[in-house]
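# Architecture at a glance
These are the residues of each chain, in order.
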Amino acid sequence: MIMYILWTLLFFHVSAQRWTLFDGESKPKRESRVRLVGDLPSSGRVEVYHDGQWGTVCDDGWELAEAQVVCRQLGFPGAISVTPGGQYGEGSGPIWLDDMNCKGSESSLSDCSFKGWGVTDCSHKEDAGVVCETGTNITSNRQFFLDNSLGLSDDLGLLFDSGDGCDFRINVQDTSEEEELTFCVHRMILMIYPELNITNDSRNLTVDVSQTCHPHVSAFLRYLYTRQIDVSITSAQCVHQLAFIFGVKKLMEDVGRAFSLLLPEDNTFRTQVSMYEYGVRTGDLVLQENVLQYLSWNCEFLISSPVWSTISFHMMDALLRRSDLVVNDEAFLLEGLETWIQDKGDEISSDQQASLLNHIRFLLIPVDKLYEMQFSSGVFHQNHEKLYLTGLLRGFQFNALPFSKIKNQMDNMSSEYLPRIYTGDDWSQFINDTTINYQYHNYYYGQNNRIQNFLTPAHPSALYREQKVYWQAQVFLSAQECSNNGISCTSFPVARFLANGNQNMYTSTIRYSNRLILSCKNENNVFHVQDFKNSMAVVSNNSSMGLPNPCPDDYSFRFVVRPEYI
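None of these values were measured; they are calculated from a predicted model.

### What about the state of the cysteines?
Applying the stated criterion across every chain yields a total of six disulfides. Here C71 connects covalently by a disulfide to C132, the sulfurs 2.0 Å from one another. Between C71 and C132 the sulfur-sulfur dihedral comes to about -85 degrees; the bridge is accordingly left-handed. Taken together, the residues span a long stretch of sequence, with C71 in helix α1 (residues 64-73) and C132 in strand β7 (residues 129-132) at a distance of 61 residues. Taken as a pair, C71 and C132 share a single burial class, namely buried.

Here you go:
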């Protein structure tokens, strides 16, 4: 089931800066913040905070690009539509913004071009509005218990519950200033967390938190005493944000891992991209890596999706540095990057374009496609002619020279020689049949569709094109099938990938770091990639996988050959 994560469960104003925490003598910095005024949290009249008061936005020049900026600034995945002409009622006070002109990639509405603060010829009949994407609420009631107490006494939890002797107040304020909670806690406990900058003279602390997360604040504060908390899929987002505010990095990491349970749920990739950007803003490296790994495994589908053109520069840079990208071949990846650069237009500088193109492994582009590239007259080749010519030259050298001639350069440019996970027909084999044929499996396993033979070149270099390695890909679903093939298996399914014939003649220069890819048959999303140990890969069960298996009874196996020079 496709599911969009309701990012409104998060605090609405995460920015590129660290969250600002306030003592009792200062006020929250609300400059340029936006809010929606309407019956639903995801739609309404757009208002922006400036010079101490909220004001509206004129609908002149108000289009989907502007709406995208507003919705993403509020934490939604994106915008559905714009609503001009005061559809959500007329506001009051100043009209702060007029003649908006956004690219759609800005992090804040005030970053867009406009006349100037309060410079307008509009009336409130022209107040602009938006409808933001929200998706479907998460309905899973799955919970897990986090315990980092390391022997802390349960009495600390009772101390928080009773409030006896508390000497410090935490005020939790809604972003709209319409809701406020107050908790009395103990200064000595908070002083354990240096990010809060609590001193003996501190008396209170005010934090600005979305009202949606208010029900989870008490449990989080109790965690500061006990280091124990129950977290559900629906509460994880709020608990993670609170841990970010209070600088509780261990809890951030633990809860961040829970987000990985949501990764396979959205085949549009909007949720995953939003998760990554959120991880960047909060500095959660675990969450960033989990998302990048999933997107790397599904890179081929990501490139073909509408979301591809919305990816940020730093996210693209992080993806292209990886060797676990699953793509048809390196040329496909280059074409995807060129399309992304074209879609971004002036948003990406020439230097940024060049830095991304330098991550392309020209040496591993199939030689026939390298040949075709030299006749291309596209704008990218013209703007970065030297880079392309250098890549083409080194690619032809890689395909024409023996390993003995180029091995001395490998230490300096080892990643260029390292293949990604290329799934082109020359290098991979599918096995889709995951049912046992009981009529035959006890007697004649040779008719099993889960045993496939194919051949590949010994290496991507053109020097090895005619030198073939014969492979047999096998999937076993029962102890009897394993026994029929001369092996003993204790868990299932089991995959075996055997090279037959003359592969041993290449062992001094070539090794095979082969991969097994598991993907759902109907939706094609990859949810697991693993290597082979002594030609065997025991598929993990759902509970031990890094990501959950979204299709436990209907998935396929893809065997990928990955030759690389030693």
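### A few points about the sheet that holds strand β23 (residues 555-560)
In spatial order, the strands read β15-β23-β20-β21; together these four strands make up an open sheet with antiparallel pairing. Of all strands in the sheet, those with a lone pairing partner are β15 (428-431) and β21 (526-531), marking the two edges. Between one strand axis and the next, the sheet turns by 20 degrees as a mean value, whatever way the strands run. In the sheet, strand β20 (residues 515-520) pairs with β21 via five bridges, with the strands oriented antiparallel. In the sheet register, R515 faces β21, and the bridge partner there is D531.

### Here we look at the confidence of the model for the protein chain
Taken as a whole, the protein chain shows an average pLDDT of 83; of its residues, 84% reach a score of 70 or greater. For residues 438-446, every residue scores under 50 in pLDDT, and the model assigns this stretch twelve contacts once sequence neighbours within four places are set aside.

### Side note on the pairing of strand β9 (residues 168-173)
For β9, the buried fraction is high: five of the six residues fall into the buried class. Sheet topology places β9 next to strand β10 (residues 180-185); six bridges connect them, and they run antiparallel. Across the sheet, I170 pairs through a bridge with F183, a residue of β10. Across five bridges, β9 lies against strand β11 (residues 204-208) in parallel orientation.

### Regarding the environment of V82
Counting through the fold element by element, V82 comes out in strand β5 (residues 79-83). With 50 residues separating them along the chain, V82 and C132 place their C-alpha atoms 8.8 Å apart. Setting aside residues no more than four positions away along its own chain, V82 makes contact with W62, E63, L64, A67, G129 and V130.

### Quick word on the sheet that holds strand β18 (residues 494-500)
Across the sheet, which stays open at both edges, the four strands sit in the order β16-β17-β18-β22 with antiparallel pairing between neighbours. Whereas interior strands pair on both sides, the edge strands pair on one side only; in this sheet they are β16 (451-457) and β22 (536-538). Recorded for the sheet is a direction-independent mean angle of 20 degrees between the axes of neighbouring strands. Across seven bridges, the pairing between strand β17 (residues 468-476) and β18 is antiparallel. Paired with Q474 across the bridge in β18 is R496.

### Details of a negative patch on the surface
A grouping of D368, E372, D425 and D426 is seen on the molecular surface, where their side chains present a negatively charged patch. Within the element layout of this structure, D368 appears in helix α13 (residues 367-373).

### Concerning the packing of aromatic side chains
Going through the model one piece at a time under the given rule, you end up with 18 aromatic pairs. Their ring planes at 80 degrees and their centres at 5.2 Å tell us that Y371 and F375 sit as a pair that is edge-to-face. What makes Y371 partly exposed here is its relative accessible area of 47%. Site record: aromatic cluster; members linked through ring pairs are F454, W471, F497, Y512, F532 and F559. Lying across the ring of W54, R35 places its NZ or CZ 4.1 Å from the centre.

### Comments concerning the pattern of salt bridges
Taken as a whole and judged by the stated rule, the model has 19 salt bridges. Where D167 meets R187, a salt bridge forms, and the shortest distance between an N and an O atom there is 3.3 Å. Residue D167 is found in the loop between α2 (155-162) and β9, and its partner R187 is found in helix α3 (residues 187-190); the two are separated by 20 residues along the sequence. For R187, a relative accessible area of 13% corresponds to the buried category. Of the charged contacts in the structure, one is a salt bridge between E416 and R394, with a shortest N-O distance of 2.5 Å.

Rules used in this analysis
- Residues numbered from 1 in each chain as written.
- Predicted model: local features only at pLDDT ≥ 70, side-chain atom pairs only at ≥ 80, totals over all residues.
- Heavy atoms only, no water.
- Disulfide = S-S within 2.5 Å.
- Helix = DSSP H or I, 4+ residues; strand = E, 2+ residues; numbered from the N terminus.
- Buried < 20%, exposed > 50% of the residue type's maximum accessible area, 1.4 Å probe, protein only.
- Pairing = 2+ DSSP bridges.
- Axes fitted to C-alpha atoms, helices over the stretch in contact; angles between N-to-C directions.
- pLDDT = per-residue confidence, 0-100.
- Contact = heavy atoms within 4.5 Å.
- Patch = residues over 30% accessible without salt bridge, like charges linked within 9 Å, V, L, I, M, F, W, Y side chains within 5 Å.
- Areas by Shrake-Rupley, 256 points an atom, 1.4 Å probe, with all protein chains shown as cover.
- Salt bridge = Lys/Arg side-chain N within 4 Å of Asp/Glu carboxyl O.
- Lys, Arg positive; Asp, Glu negative; His and termini not counted.
- Charge placed at Lys NZ, Arg CZ, Asp CG, Glu CD.
- Phe/Tyr/Trp six-rings, centres within 6.5 Å; stacked < 30°, edge-to-face > 60°.
- Lys NZ or Arg CZ within 6 Å of the ring centre and 35° of its normal.

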